[in-house]
Amino acid sequence: MRTTTIGEVKVLLPDLQPDDLDITTDLDGGLTEALVEGAAWRGSHLEDARIRSSLIIGVDLSESIWEAGSLYGCEITRTDFSGATLTGITIERCAITGSRFTGSRLTDVRLKDILFDGCRFDYATLHRVAAAGSVAFTDCTLTNGAWSSCRLPRVALRSCDLAGLELDSCRLDGTDLRGNRLQGLKTRLDNLRGVTLGEDQLPDLTQLVVAAFGLTVRNN
């Protein structure tokens, strides 16, 4: 295992060695200590699948359905989850890099010790997604998504694009939002209670306040 620090969030991540893993493209029954590269699993239906200590590279899981099960101790790179539906799964101690979740739907997903780096969540829907431990998003595109009833306290979101992201009944207490574009964020102000911002974000926050209260601002 290795540790990375994003802002004030420390995330415990796997440190897998490809030579120690078994090469496969067979997903039946889940995976343990496997190396999967370039597999075409588009539209797969996974039920209670458990993937552990595996390295997944360039896999197509778009339009797939995954119900229950878990991802634990995995490194996932350049993998396509576009249009996928993930329900009731647990993702723990995983590094997910350069992957696409465009238009995906995550419901009742539990996150712990997760790093999403350089991922796309544009037009994605997150419902009742909860952080049970350290979670960080870095250099991610979250534009035009919809997050509702999510519990993501003390999460780090750094250098992300949040334009058009809609927050509804979310708890982000202690979440680090420094270094993000907030322009165009769609949210009631109470969704931002307790977050940490940088001084350079205050103009964007002012625009949110103006919109929230329906204020009219004139030059004179």
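As a reminder, the structure under discussion sits directly above these lines.
A few points on the structure. All values reported here derive from a predicted model rather than from experimental measurement.

## Quick look at the pairing of strand 1 (residues 2-6)
In terms of strand pairing, strand 1 meets strand 2 (residues 9-13) through five bridges, oriented antiparallel. Within strand 2, the position partnered with Ile-6 by the bridge is Val-9.

## A look at the nonpolar core
In this structure, Ile-91, Phe-116, Phe-137, Leu-142 and Trp-147 are the most contacted members of the largest nonpolar core, which totals 56 residues. Secondary structure elements with two or more residues in this core: strand 5 (34-37), strand 13 (90-97), strand 15 (110-117) and strand 18 (135-138). Non-local contacts of Leu-142, meaning those with residues more than four positions away in its chain, are made with Phe-121, Asp-122, Phe-137, Trp-147, Leu-157, Cys-160, Asp-161, Leu-162 and Leu-165. Of all hydrophobic cores here, the second largest spans eight residues; its members include Ile-6, Val-11, Ala-95 and Ala-156.

## Focus on the pattern of salt bridges
Per the counting criterion, the structure on display carries seven salt bridges. Close ionic contact of Arg-171 with Asp-173 constitutes a salt bridge, the shortest N to O distance being 3.4 Å. Given a relative accessible area of 46%, Arg-171 falls into the partly exposed group. The network of salt bridges with common partners includes Arg-158, Asp-176 and Arg-178.

## Digging into empty space enclosed by the protein
In this structure the tally under the stated criterion is three cavities of 30 Å³ or more. Looking at the largest cavity, its volume works out to about 70 Å³. The wall of the largest cavity is formed by Trp-147, Leu-157, Leu-162, Leu-165, Leu-167, Leu-172, Thr-175, Leu-177 and Leu-185.

## Description of the sheet that holds strand 9 (residues 65-67)
If you walk across this open sheet you meet the eight strands as 6-9-12-14-16-19-21-22, and the pairing is parallel. In this open sheet, the two strands that pair with only one neighbour each are strand 6 (45-47) and strand 22 (186-187). Sheet topology note: the strand 19 (residues 146-148)/strand 21 (residues 166-168) ladder contains three bridges and is parallel. When the bridges of strand 21 are listed, Ser-148 appears paired with Asp-168.

## Concerning the packing of aromatic side chains
The tally for this structure, following the rule as stated, stands at seven aromatic pairs. Arranged with centres 5.7 Å apart and planes meeting at 70°, the rings of Phe-121 and Phe-137 form a pair that is edge-to-face. Placement of the pair is Phe-121 in the loop between strand 15 and strand 16 (125-127) and Phe-137 in strand 18, with a sequence separation of 16 residues. Three or more aromatic residues joined by ring pairs form one cluster here, namely Phe-81, Phe-101, Phe-116, Phe-121, Phe-137 and Trp-147.

## A few points about the pairing of strand 13
Bridge analysis of strand 10 (residues 70-72) against strand 13 gives three bridges, and the strand direction is parallel. The partner of Ser-70 across the bridge, within strand 13, is Thr-90. The pairing of strand 13 with strand 15 spans seven bridges and is parallel. Residue Thr-90 lies in a different strand from strand 15, and its bridge partner there is Arg-110.

## Focus on the environment of Thr-3
You can see Thr-3 is positioned in strand 1. Note: C-alpha distance between Thr-3 and Pro-14 (11 residues apart in sequence) is 8.5 Å. What Thr-3 contacts, discounting residues up to four positions off in sequence, is Lys-10, Val-11 and Leu-12.

Thresholds, definitions, all that
- Residues numbered from 1 in each chain as written.
- Predicted model: local features only at pLDDT ≥ 70, side-chain atom pairs only at ≥ 80, totals over all residues.
- Heavy atoms only, no water.
- Pairing = 2+ DSSP bridges.
- Helix = DSSP H or I, 4+ residues; strand = E, 2+ residues; numbered from the N terminus.
- Core = buried A, V, L, I, M, F, W, Y, C linked by side-chain atoms within 4.5 Å.
- Buried < 20%, exposed > 50% of the residue type's maximum accessible area, 1.4 Å probe, protein only.
- Contact = heavy atoms within 4.5 Å.
- Salt bridge = Lys/Arg side-chain N within 4 Å of Asp/Glu carboxyl O.
- 1 Å grid on protein atoms, 1.4 Å probe; cavity = no way out; pocket = protein on both sides within 12 Å on 5 of 7 lines; lining within 4 Å.
- Points joined across faces, edges and corners; volume = space filled by probe spheres on them.
- Phe/Tyr/Trp six-rings, centres within 6.5 Å; stacked < 30°, edge-to-face > 60°.

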